[in-house]
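Survey of secondary and tertiary structure
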Amino acid sequence: MWAEKLGKQLGNPTRSLGGWLVSKLFKVRNQILEENAVQMLEIQPGDTVLELGHGPGLGLQAAAKLLTGPTGHLIGVDYSKYMHQMAAERMKELIASGKVTLHLCDVAGMPLADNTVDKVFHCNCYYFWPDLGKATSEIHRVMKQGGRMVTTMRLSHVATLGAKGVMPGENWRPEAYMAALSDSGFTDIRMDDKQHENTTFQAVFATALK
Ligand SMILES: C[S@@+](CC[C@H](N)C(=O)[O-])C[C@H]1O[C@@H](n2cnc3c(N)ncnc32)[C@H](O)[C@@H]1O
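This is a predicted model, so every value here is computed, not measured. (Residues numbered from 1 in each chain as written. Predicted model: local features only at pLDDT ≥ 70, side-chain atom pairs only at ≥ 80, totals over all residues.)

Along the chain, the regular secondary structure elements total eight helices and seven strands. Relative to the globule expectation of 17 Å for 210 residues, the C-alpha radius of gyration of the chain, 16 Å, shows essentially globular dimensions. Each of the three principal axes of the chain carries a C-alpha extent, and together these read 50 × 35 × 35 Å. In the chain, buried positions account for 42% of the 210 residues. (Helix = DSSP H or I, 4+ residues; strand = E, 2+ residues; numbered from the N terminus. Rg over C-alpha atoms; globule rule 2.2 N^0.38 Å. Buried ≥ 20, exposed ≤ 12 C-beta atoms within 10 Å, placed from the backbone.)

What surrounds the ligand is a group of 24 residues, the closest being Phe 26, Asn 30, Gly 53, Gly 55 and Ser 80. The set of elements that each furnish at least two residues to the shell around the ligand consists of helix H1 (2-11), helix H2 (17-40) and strand S2 (73-78). Tallying contributions element by element places H2 first for the shell around the ligand, with four residues. Split into classes, the residues belonging to the shell around the ligand amount to 13 nonpolar, eight polar and three charged. (Near = placed C-beta within 6 Å. Nonpolar A, V, L, I, M, F, W, Y, C, P; charged D, E, K, R; others polar.)

This part takes up the sheet that holds strand S5 (residues 143-153). Strand order across the open sheet formed by seven strands is S3-S2-S1-S4-S5-S7-S6, with mixed pairing between neighbours. Looking along the sheet, the strands with just one partner apiece sit at the ends: strand S3 (100-104) and strand S6 (186-196). Averaged over all neighbouring strand pairs, the angle between strand axes comes to 20°, with direction disregarded. As defined by bridge partners, strand S1 (residues 48-52) adjoins S2 across five bridges and the pair is classed as parallel. In the strand pairing of S2, Leu 50 is matched with Ile 75. Against the sheet, H2 engages strand S4 (117-123), S5, S6 and strand S7 (199-208), with an angle of about 155° to S5. (Pairing = 2+ DSSP bridges. Axes fitted to C-alpha atoms, helices over the stretch in contact; angles between N-to-C directions. Contact = placed C-beta atoms within 7 Å.)

Contact pair helix H6 (residues 132-142) / helix H8 (residues 174-183): the axes reach a minimum separation of 9 Å and the direction vectors enclose 50°. If you check the angle between H6 and H8, you find them oblique. Where H6 crosses over H8, the two elements pack in a sense that is right-handed. Residue-level inspection shows Leu 132, Gly 133 and Thr 136 of H6 in contact with H8, the latter providing Ala 176, Tyr 177, Ala 180, Leu 181 and Asp 183. In terms of residue class, the contact of H6 with H8 is made up of five nonpolar, two polar and one charged. (Parallel < 35°, antiparallel > 145°, perpendicular 65-115°, else oblique. Left-handed = near helix turned anticlockwise from the far one by under 90°.)

When you tally the buried positions in S4, you get seven out of seven residues, the bulk of the element. Across four bridges, the pairing between S1 and S4 is parallel. Pairing of Leu 52 across the sheet is with His 122, part of S4. Of the pairings in the sheet, the one linking S4 to S5 comprises six bridges and is parallel in character. By the bridge assignment for S5, Lys 119 is matched with Arg 148.

It is worth spelling out the nonpolar core at this point. Counting residues in each nonpolar core, the largest one holds 54 residues, and the members touching the most others are Ala 63, Leu 74 and Val 120. The biggest single contributor to this core is H2, with five residues. Once you skip the residues sitting within four places of it in the chain, Val 120 turns out to touch Leu 50, Leu 52, Ile 139, Met 143, Gly 147 and Met 149. (Core = buried A, V, L, I, M, F, W, Y, C linked by C-beta atoms within 7 Å.)

As a further point, take H8. Those residues of H8 lying buried are Tyr 177, Ala 180 and Leu 181. Down the axis of H8, the smallest arc covering the buried residues is 105°, so these residues share one side. As for H8, its buried residues are in contact with H6, S6 and S7. (Arc of directions from axis to C-beta.)

As a further point, take helix H4 (residues 81-90). Within the span of H4, buried status applies to Tyr 82, Met 83, His 84, Met 86 and Ala 87. Considering only its buried residues, H4 is in contact with H2, helix H3 (58-64), S2 and S3.

Next up on the list: the environment of Gly 169. Among the secondary structure elements, Gly 169 is positioned in the loop between helix H7 (155-163) and H8. Between the C-alpha atoms of Gly 169 and Lys 144, which are 25 residues apart in sequence, the distance is 31 Å.

Right, dumping it as structure tokens:
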């Protein structure tokens with residue numbers, strides 16, 4: 001029961017005590033994952049960059065700093081209204097200037113044109129996608145040929161939550177995510193162990209092949 005409740009808030013936080021608590025947890029626990037994902041993307045100043053399931057927006061903030069060119073553009077998508085509003089408040093100046101666009105939508109159906117995104121990152125998000133193939137096909141559709149995607153996670157923590165039933169089914173397993181990437185047309189798919197100060201985490205890389 002508690003596992004299901006926690007999973008619901010982690011996967012789609014609502015404006016409630018539970019949603020507020022998980023948003024605090026994201027900020028304290030996941031900043032390292034967000035910032036390392038951004039760093040590993042090797043963002044260029046004029047890139048179009050997309051973050052999936054941005055939560056409170058710490059990764060958006062890190063990525064926006066690197067998009068200093070006039071064509072540099074940052075897009076965020078999250079289907080939690082609470083997280084969308086929290087990130088929009090954090091990024092309000094850059095949204096007003098047109099540098100950042102946030103969409104309240106599902107990863108599996110994004111209001112973005114084909115072949116328009118250079119780089120994609122996401123942290124702690126794919127475990128909640130009910131149909132991995134549908135989501136990865138949609139990401140592939142919006143990415144340019146050769147576009148790079150990075151996702152970061154602490155696999156040991158994710159596996160613990162997965163075993164307790166916090167995440168539904170088996171989609172939290174990196175193997176399931178990587179198989180969906182391969183089926184959707186991604187190449188050079190690999191998972192590496194990474195270290196940041198005292199934190200060990202995993203990064204899954206993929207390149208969009210068109
Ligand atoms: C566990 S939180 C992670 C937030 C942030 N990336 C972090 O690591 O702290 C997962 C986020 O992904 C969003 N999310 C999950 N599935 C989604 C989907 N299918 N489409 C859009 N957003 C989704 C949730 O609303 C939530 O904000």
